[in-house]
Amino acid sequence: MPRTAAWLALLAAAAMVPLVIRSEYVIGTLTLMYFFAFVGQGWNILGGYAGQFSFGHALFFGIGAYTSSLCFLKLGLTPWVGMWLGAAVAVGVGLVTGHLSFRYGLRGAYFALVMLAFAEIFRVAATNWDFVGGSFGILVPLQGHAPRLFQFGDKRYFYYVILAMLLALTWAVARLERSRLGYQMIAIRENEAAADALGINPYRVKLAAMALSAAVTALGGAFYAQYFSYIDPAIGFGPANSIEILLRPIIGGAGTLWGPLLGALLLGLLGEGTRGLVKSYAGLHLMLYGVILMGAVVFLPRGVMGALRSLGVGAAERA
Amino acid sequence: MTLIEVRSLSKRFGGLQALSEVSLSLAQGEILGLIGPNGAGKTTLFAAVTGFVRPDGGSVRLDGQEITGLPPHAICRRGLARTFQLVQPFPELSVVENVMVGAFNRTRSAAVARRRALEVLALTRLAPLAGRPAHALSIGLRKRLELARALATEPRVLLLDEVMSGLTPTEVDETVEVIRGIREAGVSIIVIEHVMAAVMGLSDRIAVLHHGELIAAATPAEIVQDRRVIDAYLGEPLAGKRE
Amino acid sequence: MTAEVVLSSLANGIMLGGLYALVALGLTLIFGVMKVINFAHGSLMMLAMYATFWLATTAGLDPYLSLLLTLPAAFAFGYAIQRAVIAPVLRAPEHNQLLMTLGLALFLDNLALVVFTADPRTLLVAYSQTTVPLGPVRLNLPRLLAFGGALLISGLLWLFLKTTDLGRALRASSEERDGAALCGIPVGRVHAMAFGIGTACVAAAGGMAVPFFYVSPEVGNTFVITAFVVVVLGGLGSFPGALVGGLLVGVVESLGGLIFHGSLAQIGIFALFVAVLLVRPAGLLGARHA
Ligand SMILES: Nc1ncnc2c1ncn2[C@@H]1O[C@H](COP(=O)(O)OP(=O)(O)OP(=O)(O)O)[C@@H](O)[C@H]1O
Ligand SMILES: [Mg+2]
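Attention here is on the structure that accompanies the text. (Residues numbered from 1 in each chain as written. Chains lettered and ligands numbered in written order. Predicted model: local features only at pLDDT ≥ 70, side-chain atom pairs only at ≥ 80, totals over all residues. Heavy atoms only, no water.)

## Remarks on the coordination of the magnesium ion (ligand 2)
Step number 1: Around the magnesium ion (ligand 2), the donor atoms from the protein are Thr-43 of chain B (OG1) and Gln-85 of chain B (OE1), and they sit 1.9 to 2.1 Å away. Of this pair, Thr-43 of chain B sits in helix 1 (residues 42-49) while Gln-85 of chain B sits in the loop between strand 6 (80-82) and helix 3 (95-103); the two residues are 42 residues apart in sequence, bridging distant segments of the chain. (Donors = N, O, S within 2.8 Å, 3.2 Å for Na, K, Ca; no water. Helix = DSSP H or I, 4+ residues; strand = E, 2+ residues; numbered from the N terminus.)

Laid out in structure tokens, this is it:
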């Protein structure tokens, strides 16, 4: 199939990049792009497919980053294991917040606000808890090139790690999309009463979406903390991070497989295009994100994927 | 054998008694027509039976089991499915995917659900539209889709809320055939309908609601003669027209 | 912990609560009329604070006097923003409205960051440290003025809503979306007016806070999250709810500060917020749930 061939070619190209390009800068930019696509896909499971908009996904990101780093710092446990513990904790917290919210039928803006509040609670708590480093946060102690401890002498290793994570996630979400749970999540997003009438328990499906979404986002957070060897309450749990997480799937197209990846690519390119400016003025890139977000809401209400799709539909019907 | 047993079901909305002490039953393999003027409480009865509205009093039994107060999805899983008068498709999904969502009520496998959905689409004569997005369908076809989706849950009892109103005469005839086919497959059915010719021809029995009260339940031939039904709903000339 | 400490903390809480109430009034008015939760509310407050600060440092204008300039400007700004940014998404799905105001907040906050840098600034006025004795406690004069101002503005707003045609139209459209048409005032203009008035409210709160609160690009966020708590407590869209909720949150925060030091006091507010949202999303005063 030409389609499969195209994907394989793209994949091969992605795998070749660090071998061909020596620039640390380019590798770093691509690493972050994949990383944002990864956490964006995590948000997308709950916010896009299941339609439960969360304005507080930094909650799970922070939990993943903190758990993996703390396990290493305090117990000497390798982050390769710690990241899964972080995912497990995030699932636990997600189930609690999800249970509270969905039990009481919270949705729309109310749900978004509750998630924001939960993330803020964790941020304030982390800021005031010395055991987890207080407002200063955690510096992951560096051990040189130690692949077993998720530490690499060369940043290119991180590139391959996040590329593999992103591939695995994309494959898993593609499966999810075509599975019973995936269809049930979409049905709930599209019309909760109708889904209920067809034998779907909205509470349980939303909780499942929450758990998956929390786990993925936490894995992303763990990667971030190991990549930068640092995490603090604002970076981990802050509202700005929640916005960063949801921005790319929104721009690319929430509830679509390729939306988060497309969004990460577009914002990544945009970030490159405006890098000169951004360097001299702190905040400029977020200002731009604000404009993009507003523009996207008006001109691309279903993201780039939505626009592409409606073009496709138009073409099919004309044919 | 009685499949559905509704006893003294009541529901108030503020000052309005939408249902008062309604009792009726549905036998295995039966088609029961439910008629009555606008606002009589027909949709509310469906909603109370399927768990969308909590009744103030009374009970509903499905095959001898109490289902009053269960949430809608639990009732659907037990084999009682409904359609909505105001159609509620999943607009972003295609026609076949809409039906698959219903089929997942009985299977975990997407392949089985798709096969089942295609069968249902054939039965409901929607097969040629399988790939269309649901939001692109005409209102008549959306009603058919509503029916197909509910049928895909493999119910024992199907509650159809005005699946024929607003359809062209050809579409109505087609839908009548589809409903007969469903009954042949062993599903018992209650149909709410304002299209008199269709509901009279289709139903074994007719129940009439008026101001939330059940005022008659009898064969179509008896109903058209019933004084109270004529006064409340059918009216003389209309009753006359229905031979 | 002496009784004086508790009492003065209580008084401080009430005074701060008045300000919260004013911020929340703007938020709840906008929500009531348009059913839009304005994430940019705090950013609008922050802009007003910078404007006040700037007028004081360059023109030597007293922060309370400069309200005469900033309020009409804030109204006009809010009016224009509604027309340009909010109106296009009023019929869009709810989450797109949220994203719109979020984008606006992101833009304004970071605009301020670019223009004013992240350094917090404080404005010292002659009476910054002046206190007024009241029974056993001494009240900080600027806080007292802000509290009085907040009450005055809330009262005027209430009179306006009760007695004028436009006020009635605002209330009508917050009761049902198309109600304003009944009063013969175009719905679009009513919406823009509501956004303008809501912005003026939060701008007044911001301006009056400048003599005793630092100004920075993210200062609005602190207030707006508190204001969310307030409106949710009082019931989104409820006018008396915003007043009562504001005072309550001010007192809780202030008394909480006696027990927990620093930012930890905020946890109590968030916990309260979550609890109310979960148990009574319609608010403590039980306004009709939209
Ligand atoms: N959720 C509700 N809240 C308040 N009143 C309701 C509600 N649902 C229905 N009603 C009222 O109950 C009465 C019965 O409504 P219902 O929809 O059951 O009538 P119906 O027989 O299905 O009418 P139609 O033939 O027009 O569909 C109506 O007066 C309606 O306005
Ligand atoms: Mg009806």
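There is more to say after this.
## Side note on the interface of chain B and chain A
The figure often quoted for interface size is the accessible area lost as the parts come together.
Step number 1: On the side of chain A, 22 residues touch chain B, which itself brings 27 residues to the contact.
Step number 2: For the chain B and chain A pair, buried surface summed over both sides reaches about 2100 Å², with 61% attributable to carbon and sulfur atoms.
Step number 3: Scanning the region where chain B abuts chain A turns up two salt bridges.
Step number 4: Of the charged contacts in the structure, one is a salt bridge between Arg-178 of chain A and Glu-97 of chain B, with a shortest N-O distance of 3.4 Å. (Contact = heavy atoms within 4.5 Å. Buried area = accessible area lost by both parts, 1.4 Å probe. Salt bridge = Lys/Arg side-chain N within 4 Å of Asp/Glu carboxyl O.)

## Let's talk about the pattern of salt bridges
All names here are of chain A.
Step number 1: Tallied over the entire structure, the rule returns 18 salt bridges over all chains.
Step number 2: For the salt bridge of Glu-120 with Arg-123, the shortest nitrogen-to-oxygen distance reads 3.0 Å. Here Glu-120 pairs with Arg-123, and both are found in helix 5 (residues 108-128), just three residues apart, close to one helical turn.
Step number 3: Classification of Arg-123 by relative accessible area gives partly exposed; the value is 21%.
Step number 4: Of the charged contacts, one joins Glu-192 and Lys-206 as a salt bridge, the two residues approaching to 3.3 Å between their closest N and O atoms. One end of the pair, Glu-192, is in helix 8 (residues 192-197); the other, Lys-206, is in helix 9 (residues 202-228), and 14 residues separate them in sequence. By the burial criterion, Glu-192 is buried, and Lys-206 matches it. (Buried < 20%, exposed > 50% of the residue type's maximum accessible area, 1.4 Å probe, protein only.)

## Quick word on the environment of Leu-26 of chain B
Residues and elements named next belong to chain B.
Step number 1: You can see Leu-26 is positioned in strand 2 (residues 16-27).
Step number 2: In this structure, the C-alpha to C-alpha distance between Leu-26 and Glu-5, residues 21 residues apart in sequence, is 6.7 Å.
Step number 3: For Leu-26, the contacting residues outside a window of four places in its chain are Met-1, Thr-2, Leu-3, Ile-4, Leu-32, Val-157, Ser-188, Ile-189, Ile-190 and Arg-205.

Such coordinate-based values are descriptive only and should not be taken to indicate function.
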